[in-house]
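# Observations on the model geometry
Chain by chain, the residues run as shown.
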Amino acid sequence: MAKVQRTPSRPVYPTPTGLITSIDAEGRPNIITLGEVFNLSIREPIWVGIALRKATYSHELISAQREYVVNLPTSGMLDQVLQCGSVSGRDGVDKFAEFGLTAVPSEQVRPPLIAECPVNLECKVVDVLVTGDHDVFVGEVVVQHVADDLLNADGAFVLERFDTIVMMPGGFAGVGARLSPTIEWPPKR
Ligand SMILES: Cc1cc2nc3c(=O)[nH]c(=O)nc-3n(C[C@H](O)[C@H](O)[C@H](O)COP(=O)(O)O)c2cc1C
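Because the structure is a prediction, the values reported are computed rather than measured.

### Points about the pairing of strand β3 (residues 29-34)
Across 6 bridges, the pairing between strand β2 (residues 18-23) and β3 is antiparallel. By the bridge assignment for β3, L19 is matched with T33. From the end of β2 to the start of β3, which pair antiparallel, there are 5 residues, and G27 there has a positive phi angle of about 90°.

Written as structure tokens, this is what we have:
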């Protein structure tokens, strides 16, 4: 396999796309599209990271309110993923109303869930890491919501039913076919 050396730029892929909800001091919600959403600690504790540029309104809101929700979209939501990533809530845009998304109250945090997203993670900020051109907001997942039609009768996740969006160099992709039998992950210790 011949290889060429390239200047690295956003070098790990694919990554999930997330729609991250936050809230201002008056309770007005905002949404930002992120390609940088990742697991940081997967069992004890359950922490996720989101990487935000300082210039975003979401950075300001989450810094002040210390809560956010990670909402994972379906492939049918690509237009809204692009729209929420192309305008700033700082300019007074209500992205729920503007882009046809439905806010529903969370259980334990103030930012709302996005009803159209089948997976929602309510997060409380436990740390902020200055990592370069983004800051990483480390969030403890205090509640996870998963649409029941993604689960089988035993409550196990059926991966073929989760039709989400991943970011790749040059664009977006769906998730591909199953490559393995069902595995338990993380494994029991
Ligand atoms: C597909 C996609 C992925 C993005 N990923 C990130 C990201 O990981 N971090 C970030 O700070 N901005 C990211 N952006 C840009 C923000 O979504 C964009 O600047 C947004 O308008 C900021 O909204 P806000 O100012 O209301 O928070 C992404 C945009 C798109 C379309």
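### Things to note about the site of the ligand
T33, S58, V87, S88 and G89 are the nearest of the 22 residues found near the ligand. Contacts to the ligand include E36, whose backbone N or O atom sits 3.2 Å from an oxygen atom. Within the side chain of H134, one N or O atom sits 3.5 Å away from a nitrogen atom of the ligand. A majority-of-atoms criterion places the ligand in the second largest pocket. Secondary structure elements with two or more residues in the shell around the ligand: β3, β5 (46-52) and α1 (57-65). No other element matches the 4 residues that β3 contributes to the shell around the ligand. The residue inventory of the shell around the ligand, partitioned by class, reads 9 nonpolar, 10 polar and 3 charged.

### Some points on the layout of surface pockets
Approximately 1,600 Å³ is the volume found for the largest pocket. Around the largest pocket, the lining is made up of 42 residues, and of these N39, Q144, F157, F162 and W185 lie nearest the centre. When contributions to the lining of the largest pocket are tallied by element, the ones reaching two or more residues are β1 (15-16), β4 (37-42), β5, β6 (67-72), β9 (119-130) and β10 (135-146). Per-element tally for the lining of the largest pocket: the top contributor is β4, with 5 residues.

### Focus on unusual backbone geometry
Following Y13, the chain continues to P14 via a peptide bond in cis, the omega torsion being 0°. Along the polypeptide, P14 turns up in the segment before β1. Here the bond from W185 into P186 is cis, since omega is 0°, no more than 30 degrees from zero. Among the secondary structure elements, P186 is positioned in the segment after β12 (171-173).

### A closer look at the sheet that holds strand β11 (residues 166-168)
Pairing between the strands of a sheet is mediated by backbone hydrogen bonds and can be parallel or antiparallel. Spatial ordering of the open sheet is given by β1-β11-β12, a layout of 3 strands whose pairing is antiparallel. Both edges of this open sheet fall to β1 and β12, since each of them pairs with a single strand only. The sheet contact formed by β11 and β12 spans 3 bridges and is antiparallel. When the sheet's bridge partners are listed, V166 is paired in β12 with A173.

### What about the confidence of the model for the protein?
Residue-level pLDDT values for the protein average 97, and 100% of them are 70 or greater. When the elements of the protein are averaged for pLDDT, β4 gives the smallest value, 97, and β6 the largest, 99.

### Brief notes about the environment of L113
With respect to the element layout, L113 can be found in strand β8 (residues 113-114). Placed 11 residues apart in sequence, L113 and T102 show a C-alpha to C-alpha distance of 8.1 Å. With sequence-adjacent residues up to four places away left out, L113 is seen in contact with V69, N71, F96, T102, A103, V104, P105, S106, N120, E122 and H145.

### Topic: the pairing of β10
When β5 meets β10, the two strands line up antiparallel, connected through 6 bridges. Among the inter-strand pairings, A51 is bridged to a residue of β10, identified as V136. Two elements, β9 and β10, share 11 bridges in a ladder whose sense is antiparallel. Residue pairing for β10: L129 is matched across the bridge by V136.

Basis of the calculations
- Residues numbered from 1 in each chain as written.
- Predicted model: local features only at pLDDT ≥ 70, side-chain atom pairs only at ≥ 80, totals over all residues.
- Heavy atoms only, no water.
- Pairing = 2+ DSSP bridges.
- Helix = DSSP H or I, 4+ residues; strand = E, 2+ residues; numbered from the N terminus.
- Near = heavy atom within 4 Å.
- Polar contact = N/O pair within 3.5 Å; in protein donor to acceptor, adjacent residues only side chain to side chain.
- 1 Å grid on protein atoms, 1.4 Å probe; cavity = no way out; pocket = protein on both sides within 12 Å on 5 of 7 lines; lining within 4 Å.
- Sits in = over half its atoms within 2 Å of the grid points.
- Nonpolar A, V, L, I, M, F, W, Y, C, P; charged D, E, K, R; others polar.
- Points joined across faces, edges and corners; volume = space filled by probe spheres on them.
- pLDDT = per-residue confidence, 0-100.
- Contact = heavy atoms within 4.5 Å.

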